[in-house]
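Chain residues, written in single-letter form:
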Amino acid sequence: MTDVLTCADLGWAPLEALLGRYGLALAPVAEGAPIPGTFWGEPEAGMIGTALYARPDTPVHSLLHETAHVVCMDADRRAGLHTDAGGTALEECGVCYLEIRLAAELPEVGAERIMADMDAWGYSFRLGSTAAWYADDAEDAAQWLNDHGLIDATGAPTWRLRT
């Protein structure tokens, strides 16, 4: 497995606090147990409704990505959410952008680390790296998030779910 920051490395407390700002629940899963609601399979995070599931070996970037999916989807999709977030390509870009912004809210993580982990895990962007995409090609993602009230004019999360 690629060496990326895991939930065990960070600990549950900062992740629970971050999710709690959205009114979302972190549901830790025991080491080696199946992860409910995982789309890509273990150790990737899972989502069912407003609960996010992760094991100690779940990459932090995966948990932040699935959290961003829950935040970015509309209330009707969220109400029926189980495993597959769905959504448009632009929404997926917004999810990736918000994932980076959420990492920046975790002093133990930061945007640079999460972008490096995204690259190591195999995220693919037109400009070749997550950092290049974020710096030079993510204006549409930021605008989409802003239009839906999910980030403010500075790019900071508003801690609201899309309605």
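Report follows, based on the coordinates. (Residues numbered from 1 in each chain as written. Predicted model: local features only at pLDDT ≥ 70, side-chain atom pairs only at ≥ 80, totals over all residues. Heavy atoms only, no water.)

Topic: the packing of helix α5 (residues 89–104) against helix α6 (residues 111–121)
Interhelical geometry of α5 versus α6 gives an angle of 135 degrees and a closest axis separation of 7 Å. Taken together, the axis directions place α5 and α6 in an arrangement best described as oblique. Listed contacts from α6 to Cys-96, Glu-99, Ile-100, Ala-103 and Ala-104 of α5 are Ala-111, Ile-114, Met-115 and Met-118. (Axes fitted to C-alpha atoms, helices over the stretch in contact; angles between N-to-C directions. Helix = DSSP H or I, 4+ residues; strand = E, 2+ residues; numbered from the N terminus. Parallel < 35°, antiparallel > 145°, perpendicular 65-115°, else oblique. Contact = heavy atoms within 4.5 Å.)

Quick notes on the packing of aromatic side chains
Counted under the stated rule, the structure contains five aromatic pairs. Relative to Tyr-134, the ring of Tyr-97 has its centre 4.9 Å away and its plane inclined at 35 degrees; by these criteria the two rings are tilted. Of this pair, Tyr-97 sits in helix α5 while Tyr-134 sits in helix α7 (residues 130–136), placing them 37 residues apart in sequence. Three or more aromatic residues joined by ring pairs make a cluster, and in this case those are Tyr-97, Phe-125, Trp-133 and Tyr-134. (Phe/Tyr/Trp six-rings, centres within 6.5 Å; stacked < 30°, edge-to-face > 60°.)

Side note on unusual backbone geometry
Keep in mind that most residues, glycine aside, have a negative phi and that most peptide bonds are trans. The omega angle of the peptide bond from Glu-42 to Pro-43 is 10 degrees, so this bond is cis rather than trans. Tracing the backbone shows Pro-43 in the loop between β1 (25–28) and β2 (46–48). Residue Thr-83 is not a glycine yet carries a positive backbone phi of 80 degrees. For Thr-83, the position within the fold is in the loop between α4 (75–79) and α5. The phi torsion at Trp-159 lies on the positive side, around 65 degrees, for a residue other than glycine.

Brief notes about the nonpolar core
Judged by nonpolar contacts, the single largest core of 46 residues is most densely connected at Leu-98 and Ile-114. Listing elements by their share of this core, those giving two or more residues are α1 (7–10), α2 (12–20), β3 (51–54), α3 (60–72), α5, α6 and α8 (139–147). Among residues more than four places away in sequence, those in contact with Ile-114 are Val-60, His-61, Leu-64, Glu-99, Ile-100, Ala-103 and Val-109. The next biggest cluster of nonpolar side chains, apart from the first, holds five residues, and it includes Ala-27, Val-29, Ile-35 and Ala-51. (Core = buried A, V, L, I, M, F, W, Y, C linked by side-chain atoms within 4.5 Å. Buried < 20%, exposed > 50% of the residue type's maximum accessible area, 1.4 Å probe, protein only.)

Describing the layout of surface pockets
Roughly 290 Å³ of internal volume is contained in the largest pocket. Around the largest pocket, the lining is made up of 16 residues, and of these Trp-40, His-65, Glu-66, His-69 and Glu-92 lie nearest the centre. It is α3 that provides the largest number of residues to the lining of the largest pocket, a total of five residues. For the lining of the largest pocket, the class distribution of residues is six nonpolar, six polar and four charged. (1 Å grid on protein atoms, 1.4 Å probe; cavity = no way out; pocket = protein on both sides within 12 Å on 5 of 7 lines; lining within 4 Å. Points joined across faces, edges and corners; volume = space filled by probe spheres on them. Nonpolar A, V, L, I, M, F, W, Y, C, P; charged D, E, K, R; others polar.)

Quick look at the side chain of Glu-44
By the element assignment, Glu-44 lies in the loop between β1 and β2. Summary of buried charges: Glu-44 has no salt-bridge partner, and the nearest side chain of opposite charge, Arg-55, is 10 Å away. With near-sequence residues (within four places) excluded, Glu-44 lies in contact with Ile-35, Thr-38, Thr-58, Ser-62 and Trp-121. (Lys, Arg positive; Asp, Glu negative; His and termini not counted. Salt bridge = Lys/Arg side-chain N within 4 Å of Asp/Glu carboxyl O.)

Digging into the pattern of salt bridges
By the definition in use, this model includes five salt bridges. Two residues, Glu-105 and Arg-21, come together in a salt bridge whose shortest N-O distance is 3.9 Å. Pair noted here: Glu-105 is in the loop between α5 and α6 and Arg-21 is in the loop between α2 and β1, with a separation of 84 residues, a long-range link. Linked through salt bridges whose partners overlap, the residues forming this network are Arg-77, Glu-91 and Arg-162.

Overview of the pairing of β3
Judged by which residues are buried, β3 turns out to be covered on both faces: Ala-51 and Tyr-53 on one side and Leu-52 and Ala-54 on the other are all buried. Pairing geometry for β1 and β3, over four bridges, is parallel. Looking across to β3, one finds that Ala-25 is bridged to Ala-51. As defined by bridge partners, β2 adjoins β3 across three bridges and the pair is classed as antiparallel. What sits directly across from Met-47, in β3, is Leu-52. Where β2 hands over to β3, the hairpin turn is made up of two residues, of which Gly-49 adopts a positive phi near 60 degrees. (Pairing = 2+ DSSP bridges.)

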